[in-house]
Amino acid sequence: MPFVVEYVQSGVSPADYDRLKQHIDWAGAHPPGALFHIASFGDDTIHVVDLWESVEAMEEYSRTRLIPAFEALNIPATVPTVRETYGVAAYPGTSDYSI
C-alpha cells in the first residue's frame, strides 16, 4: 500500500508555496513515486497531504529536491507525519484538479 505524508507548517504563505513549486518545477519534473498532492492554507499555516508509492521515494525526493529548495528559498520546513495507507479511493473528477 502507498504512504500518506502530512505536512503542517506555520509561517508558510501561498506565495511561498508558489515560489517553492516553481523552484522545484513540481508540474514539469514530476517527483518519481509521488501519486497525489493536496495543499491548503489556514491561519498562516500550510497543510499538505501527499500520497507516495513508498517512504523511500518520498525520502529521496525530500533529500535531493525538496529540502534544498526550502533552504534556498528560506522557507521554514517541518518534519512530516508518515503513515501507511489503509485505503485509497480516487473518484471521477479528481483529474479535473490536476496540475
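Everything numeric in this text was worked out from a predicted model, so none of it was measured. (Residues numbered from 1 in each chain as written. Predicted model: local features only at pLDDT ≥ 70, side-chain atom pairs only at ≥ 80, totals over all residues. Heavy atoms only, no water.)

A. Broad picture of the packing of helix H1 (residues 14-24) against helix H2 (residues 55-73). H2 packs onto H1 with a crossing angle of 130° between their chain directions and a minimal axis gap of 10 Å. Relative to H2, H1 is oriented oblique. You can see that H1 and H2 cross each other, and the crossing is right-handed. Taken together, the residues of H2 that come into contact with H1 (itself represented by Arg-19, Leu-20, His-23 and Ile-24) are Tyr-61, Arg-65, Leu-66, Ala-69, Phe-70, Ala-72 and Leu-73. Of the residues belonging to the contact of H1 with H2, the class tally is 8 nonpolar, 1 polar and 2 charged. (Axes fitted to C-alpha atoms, helices over the stretch in contact; angles between N-to-C directions. Helix = DSSP H or I, 4+ residues; strand = E, 2+ residues; numbered from the N terminus. Parallel < 35°, antiparallel > 145°, perpendicular 65-115°, else oblique. Left-handed = near helix turned anticlockwise from the far one by under 90°. Contact = heavy atoms within 4.5 Å. Nonpolar A, V, L, I, M, F, W, Y, C, P; charged D, E, K, R; others polar.)

B. Layout of the sheet that holds strand E1 (residues 3-10). Spatial ordering of the open sheet is given by E2-E3-E1-E4, a layout of 4 strands whose pairing is antiparallel. Each having just a single partner strand, strand E2 (34-42) and strand E4 (81-84) make up the two edges of the open sheet. Averaged over all pairs of adjacent strands, the angle between strand axes in this sheet comes to 15°, irrespective of strand direction. Taken together, the 8 bridges between E1 and strand E3 (residues 45-52) define a ladder with antiparallel strand orientation. Of the residues in E3, the one forming a bridge with Val-4 is Leu-51. Contacts between H2 and the sheet are confined to E1, E3 and E4, with E1 contributing the most and set at about 35° to the helix. (Pairing = 2+ DSSP bridges.)

C. Main features of the nonpolar core. Among the nonpolar cores identified, the biggest contains 20 residues, and Leu-20, Trp-52 and Leu-66 are the most heavily contacted of them. Looking at this core, the elements that each hand over two or more residues are E1, H1, E3 and H2. Counting residues per element, this core draws most heavily on H2, which supplies 8 residues. Setting aside anything within four residues of it in sequence, one finds Trp-52 in contact with Pro-2, Phe-3, Val-5, Pro-31, Pro-32, Gly-33, Ala-34, Leu-35, Ala-57, Met-58 and Tyr-61. (Core = buried A, V, L, I, M, F, W, Y, C linked by side-chain atoms within 4.5 Å. Buried < 20%, exposed > 50% of the residue type's maximum accessible area, 1.4 Å probe, protein only.)

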